Protein chains: 2
Amino acid sequence: MYGLLRSAGRFFKPAHAYVLTERQSMTYELYYWPTIQGRGEFVRLALEAAGAPYTDVARGDEAVGQGVAAMMEFMEGSVAGVACPPFAPPFLVDGKVIVAQTAAILLYLGPRLGLVSKNKTRRLWTHQLQLTIADMVAEVHDTHHPIAGSLYYADQKPEAARRARDFRQNRLPKYLDWFENVLARNPKGRTNLVGKRLSYADLSLFQLVDGLLYAFPKSTRRALEKAPLVAALHDRVAQHKRIARYLASERRLAFNEDGIFRNYPELDA
Amino acid sequence: MYGLLRSAGRFFKPAHAYVLTERQSMTYELYYWPTIQGRGEFVRLALEAAGAPYTDVARGDEAVGQGVAAMMEFMEGSVAGVACPPFAPPFLVDGKVIVAQTAAILLYLGPRLGLVSKNKTRRLWTHQLQLTIADMVAEVHDTHHPIAGSLYYADQKPEAARRARDFRQNRLPKYLDWFENVLARNPKGRTNLVGKRLSYADLSLFQLVDGLLYAFPKSTRRALEKAPLVAALHDRVAQHKRIARYLASERRLAFNEDGIFRNYPELDA
């Protein structure tokens, strides 16, 4: 779809300018690295849970104007008419709107996908939860890259061992305890983080726990024993009809050691 | 004001429950560590630029129900009626609303303080800028604490030296180049990050640059030579009437080596 529009645009004006100013498609375009779940996965889960039509552009074919090259065009700011080049993926394109930063993408998508309350205070609370999830995700990344994202893990293994130890002993239980507390205090029940319906924050907490179970199986299982509501939420989301179908599909990339959640046994205990 | 209400409340119902459900004061309450600028400063600058009435609660007197103890009550979730205990300061209390996470606080305050556009897409873009500033702030913190926030700097000096080198050589120029690009591409002119009026993102970029100049004076000055629009924005915000008055006041805490921006000469070059 996107590719077709771009091709059509090529004949009379710069492709992206056409896309950005006149396109009225209902298909969201997600841009993220094509071989990892990473931060893009939090957006994918929201789109999948809602059954929303989307193109995972960088996983598409360069021959039809997709692939990583299309993503880099945005990143490098070479797309005509883009006043706001993203600092990093993931970013979402929805007609004229381009939005980067995972939490901001979900803030934007939440109401459109029916994945957040209509109440303003609850929306803000949902966003606050998402930002706290984002903080923990950044800390997970730094367990294997405590010195620099530009270096390999092999170049920072002793530092990673130290950072991962602190993460397992202090940060992991502290975050999970906080989410447990949030579930326990939800005045509408202990099933969801906010209110009594599924929100994008529930989906993201599922993904966070799923990633932690992959990266730090021993310490995460131990921590989850003290956070049974978080564990139950994780299991419940995995059984959500559309999510279960997605997780079993080829669209769900497997965790791997290029992503944020990496299984390096020496970092777990 | 806050202290008085709490005292009055004590006679007939739990103090905070009263505050949270019936208080109609127009005074915002900011809760943050009392001896550092830290993340609280991004909120203070917005409140100050707007001339909004606020209480910096943890810097107040415990005798009137303020001070760090009042902040800890919220953090520990022991405040009656609080379904959403903050994970960490800063947080803002505005009547019934409690919001944590610096970027979420500014998302909430922006429209109320006239520090963001009325246009929804521009509001989202402003928020995205704020989230990118938050990412850089976290990276600055980790230059002196690459292993663990729970350890002293003295316990992680070799790791800090490595991480700071990567920060100076790669991250600092990359972020400043991006903000420079954002200013250069603003269709409404190169004075502000978004549109042609001061937004909370401008104030936060000022604070970020101010902190970088304190922490990494040599490398920041060098990087700013290639980001003249960012440097000009920093200088312009410092001269904003209310901000200039604030910066000269006792309310502005000095940078110090307990905060996020720390001047450790061995980490600069």
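Note: the structure precedes this text.
The structure displayed is predicted, hence computed values, not measured ones. (Residues numbered from 1 in each chain as written. Chains lettered and ligands numbered in written order. Predicted model: local features only at pLDDT ≥ 70, side-chain atom pairs only at ≥ 80, totals over all residues. Heavy atoms only, no water.)

**Points about the relation of the copies chain A and chain B**
Then comes step 1: Overlaying chain A on chain B yields an RMSD of 0.0 Å, the required transformation being a rotation through 180 degrees with an accompanying axial translation of 0.0 Å. Given the turn and translation reported, the copies of this chain are related as if by a two-fold rotation axis. Identified as the residue of chain A closest to the rotation axis by C-alpha distance is P146 of chain A, at 2.9 Å.
Then comes step 2: An overlap of 100% is found between the interface residues of chain A and their copies at the interface of chain B, pointing to a shared contact surface. (Least-squares fit on C-alpha atoms with pLDDT ≥ 70 in both. Contact = heavy atoms within 4.5 Å.)

**Concerning the side chain of H127 of chain A**
Then comes step 1: Mapped onto the elements of the fold, H127 of chain A is located in helix 6 (residues 120-144).
Then comes step 2: With near-sequence residues (within four places) excluded, H127 of chain A lies in contact with A103, A104, L107 and Y200 of chain A together with A104, L107 and H127 of chain B. (Helix = DSSP H or I, 4+ residues; strand = E, 2+ residues; numbered from the N terminus.)

**A short note on the interface of chain A and chain B**
Then comes step 1: The partner chain B presents 47 residues to the 47 residues of chain A that form the contact.
Then comes step 2: Taken together, both faces of the contact between chain A and chain B bury some 3,800 Å²; the carbon and sulfur share is 58%.
Then comes step 3: Taken together, the connections running from chain A to chain B amount to four salt bridges.
Then comes step 4: Ionic pairing is found between R162 of chain B and E159 of chain A, a salt bridge with its closest N-O pair at 2.7 Å.
Then comes step 5: At the level of elements, strand 4 (97-100), helix 5 (102-113), helix 6 and helix 7 (157-185) of chain A are the ones that each hand at least two residues to the side of chain A that touches chain B.
Then comes step 6: Residues belonging to the side of chain A that touches chain B are distributed by class as follows: 24 nonpolar, 12 polar and 11 charged. (Buried area = accessible area lost by both parts, 1.4 Å probe. Salt bridge = Lys/Arg side-chain N within 4 Å of Asp/Glu carboxyl O. Nonpolar A, V, L, I, M, F, W, Y, C, P; charged D, E, K, R; others polar.)

**A word on the packing of aromatic side chains**
For any pair of aromatic rings, the description rests on two quantities: the centre-to-centre distance and the angle between the ring planes.
Then comes step 1: Here the structure, examined in full by the defined rule, presents 22 aromatic pairs over all chains.
Then comes step 2: Aromatic side chains Y31 of chain B and F74 of chain B sit 5.1 Å apart centroid to centroid with 65 degrees between the ring planes, which places their arrangement in the edge-to-face category. Of this pair, Y31 of chain B sits in strand 1 (residues 28-31) while F74 of chain B is found in helix 4 (residues 67-75), placing the two residues 43 residues apart along the sequence.
Then comes step 3: Exposure remark for Y31 of chain B: the relative accessible area of 0% places this residue in the buried category.
Then comes step 4: The exposure class of F74 of chain B is buried, given its relative accessible area of 1%.
Then comes step 5: Through a chain of ring-to-ring contacts, three or more aromatic side chains come together here, namely F87 of chain A together with W125, Y175, W178 and F179 of chain B.
Then comes step 6: Taking NZ or CZ as reference, R112 of chain A lies 3.7 Å from the ring centre of Y108 of chain A, over its face.
Then comes step 7: One residue, K174 of chain B, lies across the ring of F87 of chain A, its end atom 5.2 Å from the ring centre. (Phe/Tyr/Trp six-rings, centres within 6.5 Å; stacked < 30°, edge-to-face > 60°. Buried < 20%, exposed > 50% of the residue type's maximum accessible area, 1.4 Å probe, protein only. Lys NZ or Arg CZ within 6 Å of the ring centre and 35° of its normal.)

**Considerations on helix 10 (residues 228-239) of chain B**
Residues and elements named next belong to chain B.
Then comes step 1: In this model helix 10 runs 17 Å from its N-terminal to its C-terminal C-alpha over 12 residues, within 8% of the 16 Å that 1.5 Å per residue would give.
Then comes step 2: Residues L229, V230, A231, L233, H234 and V237 constitute the buried set of helix 10.
Then comes step 3: Buried residues belonging to helix 10 abut helix 7 (157-185), helix 8 (200-215), helix 9 (217-225) and helix 11 (241-247). (Expected span 1.5 Å × (residues − 1).)

**Considerations on the pattern of salt bridges**
Residues and elements named next belong to chain B.
Then comes step 1: Inspection of every chain in the model, using the stated rule, returns 22 salt bridges over all chains.
Then comes step 2: Ionic pairing is found between R59 and D56, a salt bridge with its closest N-O pair at 3.2 Å.
Then comes step 3: Using a relative accessible area of 12% as the deciding quantity, one classes D56 as buried.
Then comes step 4: Its salt-bridge partner being D142, residue R163 comes within 3.9 Å of it at the nearest N-O pair. Remark: D142 occurs in helix 6 (residues 120-144) and R163 occurs in helix 7; sequence separation between them is 21 residues. D142 carries the same exposure label as R163, and that label is buried.

**Things to note about the pairing of strand 3 (residues 91-94) of chain A**
Residue and element names in this part refer to chain A.
Then comes step 1: Side-chain alternation along strand 3 places F91 and V93 on one buried face and L92 and D94 on a second face that is also buried.
Then comes step 2: Relative to strand 3, strand 1 (residues 28-31) is paired through three bridges, and the arrangement is antiparallel. Within strand 3, the residue paired with L30 across the bridge is L92.
Then comes step 3: In this structure, strand 3 lies alongside strand 4, joined through four bridges in antiparallel fashion. Opposite L92, over in strand 4, you have V99 as the bridge partner.
Then comes step 4: In this antiparallel pair of consecutive strands, strand 3 and strand 4, the connection spans two residues, and G95 shows a positive phi of 65 degrees. (Pairing = 2+ DSSP bridges.)

Read these as geometric descriptors, not functional statements.
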